[in-house]
Amino acid sequence: MNRRLQTLKYVLADLFASGLAWAAFYSYRKLYIEHTSLEFGEKFHIGIIAIPITWLALYLITGTYKNIYRKSRILELGQTLFISFIGVLIIFFALLLDDEVASYKQYYTSFFVLLSFHFLLTFIPRLILTSIAANKIHNRIIGFPTLLVGSNDKAFDTYAEMQEAARSAGNKFAGFVHINGNNGSALREHMPHLGGTDDILQVIDKHEIEEVILAIETSEHVNIKTILTKLEQRQVRVKITPDMYDILSGSVKMSAIYGTPLIEVSHDIMPVWQQYAKQAIDFVTSLLVLVIGSPMFLFTACCVKFSSKGPVFYTHERIGIHGKPFRIIKFRSMRTDAEDAGPALSSENDPRITSFGRFMRKIRLDEIPQFFNVLKGDMSLVGPRPERQFYIDQIVKISPHYVHLQKVKPGITSWGQVKYGYAENVDEMIQRLKYDIIYIENMSLIVDFKILIYTVLTVIRGNGR
């Protein structure tokens, strides 16, 4: 299953369709509206290059190429029609509204002709590509590596029902993990036993699992919260046998998979277009800040270098999205021997902080190099503050739901950071945690902008800590 190749097919088909639609529409206008000879002038050549690129950008922003093998043909129809309408509306106002026409009726005609050309030429190739992929999935030619959680009768029945279905839902079982010590003697005859639920994260990584199906007996429901908390640390689809619906939150949606109805736990925190818009804002803002602010950053680097002995930058391993470690970059604000005795959080009057470091922390200047982390894709402008594994291990003993923060990229600033500043101990980290979880449950571009505004005010007032 080659996702890159499949995505490339969609991209090339969309580029060709948008170019062909523009050429057909251009010809239609020349022949039937302007009643002139068919000459491909400057406007045509500009359009044949710029318009397909514009369409591609719109598709990327709206997440058209996300989950390329999990497309529904019915949803594809509605989404293609809606995006085509929006895109044609943009093209109409940008390029066609100033055209001279005999009557306003020709404006409406032009709009619907372009919409028809673009929609049909885009949707038909997509329908063919999606149908071919769906046929391969239904006939078990391609599929998604799947882990079955459970080892009792319900797990065996779920497996048997899915395997006996006339058309596959695309699940290729890599094996199963047991619960409460039951090693699943019946399942062992059909798939590998990969361990227990304590091993679930290692199993997911080793077998590149994309989907996890929880088939748990009523007596095992006490384990559901722990298992879901673990699965939050990996980017996998989670589906559960229906009788657990009453213990799940409202973010769960029903999903019937042919003869086996399952409950799918939704991990979509923001609408797809907002996710892509957030990424674009992160990249563009970080690039502008680093370019425009480079003289000030160079001056700050010199101040750090000459105000105390040691390197200009401080780098340290932190834990990012889905538990992936990365190295965070900051201007050094402490002495080089600050953690010779082991990891230690800073306090308001910490003697390890240099005099210039204290000033930097007041206005968050030490955080500026983290814009490089944002450019690399390790961080976002807004998101929960990344912590060291040393402190995460302490936090999860008290608040296991900390792992929910790893559903998103960590950020340079956060709601908890705005309210608490730098945490001085694990208790303060846990206090900050509730604000970060509320942020995740209410993520939107508007909330991000509000947090950024409060962060800027903190910098201007110099009341950070």
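Residues numbered from 1 in each chain as written. Predicted model: local features only at pLDDT ≥ 70, side-chain atom pairs only at ≥ 80, totals over all residues. Heavy atoms only, no water.

Chemist: Could you give an account of unusual backbone geometry, naming the residues involved and the relevant values?
Modeler: For N67, which is not glycine, the phi torsion reads 50° and is therefore positive. Along the polypeptide, N67 turns up in the loop between helix 2 (42–61) and helix 3 (73–96). You can call N67 partly exposed: its relative accessible area is 38%. (Helix = DSSP H or I, 4+ residues; strand = E, 2+ residues; numbered from the N terminus. Buried < 20%, exposed > 50% of the residue type's maximum accessible area, 1.4 Å probe, protein only.)

Chemist: Which residues make up the pattern of salt bridges, and what are the values?
Modeler: For the coordinates displayed, the defined rule picks out 13 salt bridges. One salt bridge connects R335 with D337, and the closest N-O pair in it is separated by 3.0 Å. You can call R335 partly exposed: its relative accessible area is 39%. Of the charged contacts, one joins D378 and K376 as a salt bridge, the two residues approaching to 3.6 Å between their closest N and O atoms. Linked through salt bridges whose partners overlap, the residues forming this network are R3, R70, E210, E211 and K239. (Salt bridge = Lys/Arg side-chain N within 4 Å of Asp/Glu carboxyl O.)

Chemist: Before we move on, could you go through helix 7 (residues 200–207) and cite the residues and values that matter?
Modeler: Among the residues of helix 7, those classed as buried are I200, L201, V203 and I204. Viewed end-on, helix 7 has its buried residues packed into an arc of 160°, placing them on one side of the element. For helix 7, the exposed residues lying more than 90 degrees away from the buried face are Q202 and K206. Tucked inside the fold, the buried residues of helix 7 contact strand 1 (144–149), strand 2 (171–178), strand 3 (193–196), strand 4 (211–214) and helix 8 (224–231). (Arc of directions from axis to C-beta. Contact = heavy atoms within 4.5 Å.)

Chemist: So, the pairing of strand 2: which residues are in play, and what are the values?
Modeler: Here strand 2 lies mainly inside the structure; seven of its eight residues are buried. As paired elements, strand 1 and strand 2 share six bridges and run parallel to each other. Within strand 2, the position partnered with T146 by the bridge is F173. Here two bridges tie strand 2 to strand 3, and the two strands are oriented parallel to one another. Bridge pairing links F176 to H193 in strand 3. (Pairing = 2+ DSSP bridges.)

Chemist: Account for the pairing of strand 1, with residues named and values stated.
Modeler: With five of six residues buried, strand 1 is to be regarded as a mostly interior element. Between the parallel elements strand 1 and strand 2, the chain passes through helix 5 (residues 153–164) in a crossover that is right-handed. (Right-handed = clockwise from strand over helix to strand, strands pointing away.)

Chemist: Summarise the environment of Y314; cite the residues concerned and give the values.
Modeler: Along the chain, Y314 turns up in strand 8 (residues 313–319). Put simply, Y314 and F331 are 17 residues apart on the chain and 5.8 Å apart in space, counted from C-alpha to C-alpha. Those residues within four positions of Y314 in sequence are excluded, and the remaining contacts are I328, I329, K330, F331, R332, E339 and R388.

Chemist: Can you tell me about the packing of aromatic side chains, naming the residues and giving the values?
Modeler: One pair of aromatic rings is described through two measures. These are the centre distance and the angle between the planes. Overall, the coordinates contain 12 aromatic pairs when judged by the stated rule. Look at F85 and F111: their rings are 5.6 Å apart centre to centre, the planes differ by 80°, and that puts the pair in the edge-to-face class. Here F85, found in helix 3, pairs with F111, found in helix 4 (residues 104–138); they are 26 residues apart in sequence, far enough to count as distant. The partly exposed category is assigned to F85, whose relative accessible area is 35%. Aromatic side chains F313 and F331 sit 5.3 Å apart centroid to centroid with 15° between the ring planes, which places their arrangement in the stacked category. Of this pair, F313 sits in strand 8 while F331 sits in strand 9 (residues 325–331), and the two are 18 residues apart along the sequence. Three or more aromatic residues joined by ring pairs make a cluster, and in this case those are F85, F92, F111 and F112. We note R126 situated over the ring of Y59; from NZ or CZ to the ring centre the distance is 4.6 Å. (Phe/Tyr/Trp six-rings, centres within 6.5 Å; stacked < 30°, edge-to-face > 60°. Lys NZ or Arg CZ within 6 Å of the ring centre and 35° of its normal.)

Chemist: I'd like a rundown of a negative patch on the surface, residues and numbers included.
Modeler: Together, D153, D157, E161 and E164 make up a negatively charged patch on the protein surface. Looking at the element boundaries, E161 is found in helix 5. (Patch = residues over 30% accessible without salt bridge, like charges linked within 9 Å, V, L, I, M, F, W, Y side chains within 5 Å. Areas by Shrake-Rupley, 256 points an atom, 1.4 Å probe, with all protein chains shown as cover. Lys, Arg positive; Asp, Glu negative; His and termini not counted. Charge placed at Lys NZ, Arg CZ, Asp CG, Glu CD.)

Chemist: So what about the packing of helix 7 against helix 8? Which residues, and what values?
Modeler: Viewed as axis vectors pointing N to C, helix 7 and helix 8 meet at an angle of 40°, and their least axial separation amounts to 9 Å. The angle between the axes of helix 7 and helix 8 places the two elements in the oblique class. Helix 7 and helix 8 meet at a crossing whose hand is right-handed. Contacts from I200, L201 and I204 of helix 7 reach helix 8 at I227, K230 and L231. (Axes fitted to C-alpha atoms, helices over the stretch in contact; angles between N-to-C directions. Parallel < 35°, antiparallel > 145°, perpendicular 65-115°, else oblique. Left-handed = near helix turned anticlockwise from the far one by under 90°.)

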